[in-house]
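Topology and contacts: notes
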Amino acid sequence: MRLDDPWDDALTSGWEELDGAGGLAPAGVPGPAAPRDGHSAADIYLEVQRSEAFQEVRRRYRRFVVPATAAFFVWYLAYVVTAVTAPGLMARPVAGAVNVAMVAGLGQFLTTFLFTGAYARHARLRRDRAALDLRWETQEMTRGVRR
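Notes on the structure in this doc start here. Since the model is a prediction, treat every value here as computed from it, not as a measurement.

**Examining the overall build of the chain**
Each helix and strand counted, the chain has four helices and four strands in total. Among the 147 residues that make up the chain, the fraction classed as buried is 19%. For the chain, long-range pairs separated by at least 24 residues make up 57% of all intrachain contacts whose partners lie at least 6 apart in sequence. Roughly 10500 Å² of accessible area belongs to the chain as shown, and the carbon and sulfur atoms make up 64% of that amount.

**Looking at the nonpolar core**
Listed in full, the five residues of the largest apolar core are Ile44, Val48, Val57, Leu134 and Met141. Every element with two or more residues in this core is listed here: α1 (41–50) and α4 (100–142). Not counting residues up to four positions away in its chain, the partners in contact with Val48 are Phe54, Leu134, Thr138 and Met141.

**A word on the layout of surface pockets**
The calculated volume of the second largest pocket comes to roughly 170 Å³. Lining the second largest pocket are 10 residues, and of these Val48, Phe54, Leu134, Arg135 and Thr138 lie nearest its centre. Counting only elements with at least two residues in the lining of the second largest pocket, the list comes to α1, α2 (52–85) and α4. The leading source of residues in the lining of the second largest pocket is α4, at four residues. In the lining of the second largest pocket, the residues fall into seven nonpolar, two polar and one charged.

**Here we look at the packing of α1 against α2**
Packing of α1 against α2 leaves a shortest axis separation of 4 Å and a crossing angle of 60°. Considering the angle they form, α1 stands oblique to α2. Here Val48, Gln49 and Arg50 of α1 come into contact with α2, specifically with Glu52, Phe54 and Gln55. Taken together, the residues that form the contact of α1 with α2 break down as two nonpolar, two polar and two charged.

**Focus on the pattern of salt bridges**
Following the criterion strictly, the structure yields five salt bridges and no others. Residue Glu56 pairs with Arg60 through a salt bridge whose shortest N-O separation is 3.1 Å. Taken together, the residues span about one helical turn, with Glu56 and Arg60 both in helix α2 at a distance of four residues. For Glu56, a relative accessible area of 23% corresponds to the partly exposed category. The partly exposed category is assigned to Arg60, whose relative accessible area is 28%. A salt bridge links Asp133 to Arg129; the shortest N-O distance between them is 3.8 Å. Of this pair, Asp133 and Arg129 are both found in helix α4, four residues apart, which corresponds to roughly one turn of the helix.

About the criteria used
For every chain, the first residue of its written sequence is number 1, and the numbers climb from 1 along that sequence. Totals for whole chains, interfaces and linings use every residue, but because this is a predicted model, local features are given only for residues with pLDDT of at least 70 and side-chain atom pairs only at 80 or more, for both listing and counting. Side-chain numbers come from the whole structure's heavy atoms, not from hydrogens or water. Under the scheme used here, helices are H or I runs from DSSP no shorter than 4 residues and strands are E runs no shorter than 2 residues, and both carry numbers assigned from the N terminus. Three labels apply to residues, based on accessible area from a 1.4 Å probe with only protein chains included: buried if under 20% of the type maximum, exposed if over 50%, partly exposed otherwise in between. The contact definition used throughout considers only heavy atoms, calling two residues in contact when any of these lie within 4.5 Å. Computed with the Shrake-Rupley method and a 1.4 Å probe, the accessible areas treat only the protein chains shown as cover for residues. For the purposes of this section, nonpolar cores are sets of buried Ala, Val, Leu, Ile, Met, Phe, Trp, Tyr and Cys residues that join through side-chain atoms within 4.5 Å. Grid points spaced at 1 Å and placed over the protein atoms alone form the basis of the search, with a cavity being a set where a 1.4 Å probe fits but cannot get out and a pocket an open set showing protein on both sides within 12 Å along at least five of seven lines. Lining residues have an atom within 4 Å of a point. Grid points are joined across faces, edges and corners, and a volume is the space filled by probe spheres set on the points. Only Asp, Glu, Lys and Arg are considered charged, only Ala, Val, Leu, Ile, Met, Phe, Trp, Tyr, Cys and Pro nonpolar, and every remaining residue, Gly among them, polar. Only the contacting stretch of a helix is used when fitting its axis, a line to C-alpha atoms as for every element, and angles between N-to-C directions run 0 to 180 degrees. If an angle is under 35 degrees, it is roughly parallel; if it is over 145, roughly antiparallel; if it lies from 65 to 115, roughly perpendicular; otherwise it is oblique. Each reported salt bridge corresponds to a side-chain nitrogen of Lys or Arg within 4 Å of a carboxyl oxygen of Asp or Glu.

In structure tokens:
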């Protein structure tokens, strides 16, 4: 059974496009991998990069990553600054031998996992489909097939 994974790319494994007989041609072998309409691959990728669809994917990425990174950085700095400036607060017992510093340190790990899950969910719901569409469009353009 063969699964067609659109993210799995034969080009990353050292194979290029289909040769004339329908098989894969090894990397470096000239063939139909070059765009047929006279545009270079660089021109096509620049065109896609300038497209509104690509810019929207980037905007969606930034709208999540910038605030999430800032929030995590502030949380991390708050932990470090509190540990340095208020050791008495950090040493305050919470339950038995567990103190505020331990709870906050474990909170750092927890928020890392929460942010990772939130990022994966955001990517799946807000960016993956658009990015995949852009990838297919780019692949078709490099093959000389324009929509």
